[in-house]
Amino acid sequence: MTHTTFTLEVQPRIPARLRRLEELAGDLYYSWDRRVRALFARLDGELWRACGHNPKVFLRRVSQQALDEAAQDRGYLEEYGRALSGYDSYLQAQASPRVAAHFDPQADLVAYFCAEYGLHESLPIYSGGLGILAGDHCKAASDLGLPFVAVGLLYRQGYFTQAIDGRGQQQALYRPNQIDDLPVTIALDAGGVPLRVQAELPGRAVGLHVWRAKVGHIDLYLLDSDLPENNESDRALTYQLYGGDREWRLQQEIVLGIGGVRALRALGLAPTAWHINEGHATFQILERCREKVAQGMTFAAALERVAANTVFTTHTPVPAGHDIFDATLFDRYFTSFAPTLGIGLDALRALGTSPHNASGFNMTAASLRGSRFHNGVSKIHGEVASVMEQYIWPDVPPDENPVGHVTNGVHVSTFLAQEWTNLLDVRFADWRGSLTDCAWWEALREVPDHRFWSLRQELKSLLLQVARRRLMLQHRRAGVSDAQLRRITQHLGNDNGHVLVLGFGRRFATYKRATLLFQDPARLARLLGDPQRPVLIMFAGKAHPSDQPGQDLIRQIHEFSMRPEFIGRILLLENYDLNLARRLVSGVDVWLNNPIYPLEASGTSGMKAAMNGVLNLSVLDGWWAEGYDGSNGWGIVPHGADFDPAYRDREEANDLYDLLERQVIPLYFERDGHSYSPRWVEMAKASMITILPRFNAERQVLDYVEKFYAPARDHRRRLDAADGAATLAAWKRRVVERWSGVGFVPQADIGAAASRLLPFGDTLDVQAVLRLNGLATQDVVVECLLGEAQDDGSLVVRETLPLEPGASLPGGEVSYQLALRPRRTGLQQYRIRAYPYHELLGHRFELGCMRWL
């Protein structure tokens, strides 16, 4: 017999006393406020988990009885009142003093563009680190009261759900998002009509819905092309995150960049600083230039004006992470756009040229040329990026070019475990106002060691419960026998809190070296297999569906985990998402990270672990090179790129084994008559004290405010005065035209003058003759760098001193002089250089032109 089954969702009526539950469900404030989430979980914990912690879906499916009983439950109503009081107080809070010192909420606005946002598992429009970072940035901007708006895409199909089968093969499962299930509402124009904008593609205009997600004090606007008037392929443009081919990717990035600017304009928003978070949104630069050209500016002047208040953050030193579009493809999509900029297609394409692909359009290169403030995401990454992108400023030493850094941070309220929050609330009521005060966090040393250890064990016990439940489901689905399942979960019982747990959770990419631990399986088996000192390793992470080497890593880990000597000691958990991440980073004892140096731009999972009292054991790359101080974890000194990869991996694996065998494992099980390890607790406290205030998202956003957002806004205002953009563009054009003929004139006695004895306190007359080739003396700075030369030929500069122009000589040459009086004794060296300079430049080496004597 055949029959049809129809689905019917009967929605409860929310009692009047609980009516604001709907308001709470519509604000992603719940993603970091556990009191709000607890309101839903208390009504029906099992349903809350089944709904994926999605308040909007939960309120449609919770029983009428549960709601009615809660409306009469005094205890529940008290919790509800406290949660609402906290929410209302949060929304009424004033901006942080450090933000208020720089930004006027009535006049200023930062616009932040990113391809993905990882705010909470109930809004699955993220894939990994970039999205989680963007989500944390938004949350911290809200916490600080920064005038801020974010722009992205609303994917019907976010990143995939991962399943791992019985052979260790990753299965990518896609579950389309239903808009009604997401914490978004349609954005309305001034007349209350649903807002729509357009982005042009070859031969057609694509219509776009604009959705609004409320994130505390700030708004996130998401573009959606699934409109009836669009053709089928265009309706699918925003369907999937990082899906499709290169042309699909280009179309998505046109929608994000160009459509995103148009959405903000339609909303009546006028940002005073723009932040492009990775190159996916580069085309916003072109759209903003188009607006200025339409108002009568030349493209050169428009680019100066747009670039002046644009911040660009690059996130990866891996070349494959930078989008480059083939010239033929780019030309097809921008042939009709170039005339709106008043330039030819060749000139437009030149904005994105790079040595990596001379004819293609490099989104990173275009972002660098279309912005005046640039940064990597850690100190090391800033240095690496300055070398990678030095072709933009070819004459300037990489360590002096305009690429700086802001080290990433993580949102404390999201990733600090509830158990820690409860303890801090009881002992230190003002801790939330001291997130960036390093001295304040020394107060954690006052927490009794036994209490600290007990809390850490509680968190580990919760993780083991979650891991057991997940592994049971995962392996039963794969057809594993009950006997085998008992062996896999043998160390995950409630009585196994004494086991040392190591964690590795991140995207499975080859440069992250998830399998470094397996270089010497026999030695690893000895380390994990001691019954007196039991050790577990938990792995979790996804590989991109098109990354076969990454999927091979998953398969290898699965195979190791099923070997007799490792079963139950190496555990591979599927479907690593925000929910599992929160539990993993707080519950393990040691966090592992083994990237190939210097390919870990920053990394943030280790920060989340450290702020929960977990100890990092990591290669000194990315953020950990800044965070490690010898007392708060363990660092593996990396081998440089000059070493053979096999040798490098072997040696760094040996370092990892040595640390585990001689320091980590013995320290954890060292009791000295206590029920815990006193020295382990000392290190774990140091981990929290040194990491939490320095590597949180509030510090990160404040760094952007003070080093990038406010300076970018101010630079734009300088250019707006007295037609500065046109003036600067004309000056740059004149300098570039003449710079090839600028140079120092050789002097017969320069060799003798460059090496001489000088009594301390005396002066040395330094002279140089510069051929200006038609430039004026005010167009050029000539300076002397004084310092000590190093073995590698570099100069450690101690003083930078200007040479003053003197007599004009025949042939357009000018003599420059300096009375040099060194402040130090000893052997010193000096060098002389010249570079173009204008007071309206955002960075003194912005043009990338320099000459050395």
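Reference entry: report on the structure contained in this document. Throughout, a residue's number is its position along its own chain's written sequence, starting from 1. Only residues with pLDDT of 70 or above have their local features reported here, since the model is predicted, and side-chain atom pairs are shown and tallied only from 80 upward, although totals for entire chains, interfaces and linings are computed over all residues. Excluding hydrogens and water, the side-chain figures rest on all heavy atoms present in the structure.

Time to look at unusual backbone geometry. Between Tyr 597 and Pro 598 the backbone carries a cis peptide bond, its omega angle lying at 0 degrees. Following the sequence through the fold, Pro 598 ends up in the loop between strand E18 (590-593) and helix H24 (605-610). Unlike most non-glycine residues, Arg 513 shows phi in positive territory, near 50 degrees. Numbering of helices and strands runs from the N terminus, with a helix taken as a DSSP run of H or I at least four residues long and a strand as a DSSP run of E at least two residues long. By the element assignment, Arg 513 lies in the loop between strand E15 (500-505) and helix H21 (521-528).

A 1.4 Å probe that fits but cannot get out identifies a cavity on a 1 Å grid over protein atoms alone, an open set with protein on both sides within 12 Å along at least five of seven lines counts as a pocket, and a residue lines either if it has an atom within 4 Å of a point. Grid points are joined across faces, edges and corners, and a volume is the space filled by probe spheres set on the points. Quantified by volume, the second largest pocket comes out at close to 850 Å³. Contributing to the lining of the second largest pocket are 34 residues, with Trp 32, Tyr 90, Asp 143, Ser 413 and Arg 432 lying nearest its centre. Among the elements that make up the lining of the second largest pocket, the one with the highest residue count is helix H18 (residues 418-427) (four residues). By residue class, the composition of the lining of the second largest pocket is 12 nonpolar, 14 polar and eight charged. The classification used treats Ala, Val, Leu, Ile, Met, Phe, Trp, Tyr, Cys and Pro as nonpolar, Asp, Glu, Lys and Arg as charged, and all other residues, Gly among them, as polar.

The subject of this paragraph is the environment of Phe 669. On the secondary structure map, Phe 669 appears in the loop between helix H26 (645-668) and helix H27 (678-691). Under the relative-accessibility criterion, Phe 669 is labelled buried at 16%. Along the backbone, Phe 669 and Gln 65 are 604 residues apart, and their C-alpha atoms lie at a distance of 50 Å. Contacts: residue pairs with any heavy atoms within 4.5 Å of one another. Those residues in contact with Phe 669 that sit more than four places away from it in its chain are His 498, Leu 500, Gln 532, Arg 533 and Pro 534. The buried label goes to any residue with under 20% of its type's maximum accessible area, the exposed label to any with over 50%, and the partly exposed label to all in between, with areas taken from a 1.4 Å probe on protein chains only.

With that settled, the discussion passes to the environment of Gln 829. Structurally, the position occupied by Gln 829 is in strand E27 (residues 829-836). Sequence separation between Gln 829 and Asp 165 is 664 residues; the distance between their C-alpha atoms is 65 Å. Not counting chain neighbours up to four residues away, the residues in contact with Gln 829 comprise Leu 785, Leu 786, Gly 787, Glu 788, Ala 789 and Leu 795. Polar contacts, as used here, are pairs of N or O atoms within 3.5 Å; protein pairs need one atom able to donate a hydrogen and one able to accept it. Residues neighboring in sequence count only if both atoms are side-chain atoms. A polar contact is formed between the side chain of Gln 829 and the backbone nitrogen of Ala 789, at a distance of 2.8 Å.

So, on to the nonpolar core. Counting residues in hydrophobic clusters, the biggest one holds 142 residues, and the most contacted among them are Leu 18, Leu 21, Tyr 117, Phe 148, Phe 283, Phe 334 and Tyr 709. At nine residues, helix H28 (residues 697-720) tops the list of elements feeding residues into this core. Buried Ala, Val, Leu, Ile, Met, Phe, Trp, Tyr and Cys residues that are joined via side-chain atoms within 4.5 Å together make up what is termed a nonpolar core. If you look at the next biggest cluster of nonpolar residues, it comprises 76 residues, including Ala 417, Trp 441, Leu 656 and Met 683.

Now for the sheet that holds E15. The strands making up a sheet associate through hydrogen bonds between their backbones, and the pairing can be parallel or antiparallel. In this analysis, strands are considered paired if DSSP registers two or more bridges between them. Read across the open sheet, the six strands follow the order E17-E16-E15-E18-E19-E20; overall the sheet is parallel. One side of each edge strand has no neighbouring strand; the edge strands of this open sheet are strand E17 (570-573) and strand E20 (633-636). Taking the axes of each pair of neighbouring strands and ignoring which way they run, one obtains an average angle of 20 degrees across the sheet. Note: E15 against E18, two bridges, orientation parallel. What sits directly across from Leu 502, in E18, is Val 590. Contacting E15, strand E16 (535-540) and E17, helix H19 (residues 449-477) crosses the sheet at an angle of about 70 degrees to E17. Note on geometry: axes are lines fitted to C-alpha atoms, helical ones only across the stretch in contact, with angles between N-to-C directions running from 0 to 180 degrees. On the sheet, helix H22 (residues 548-561) packs against E16 and E17 and is oriented at approximately 140 degrees with respect to E17.

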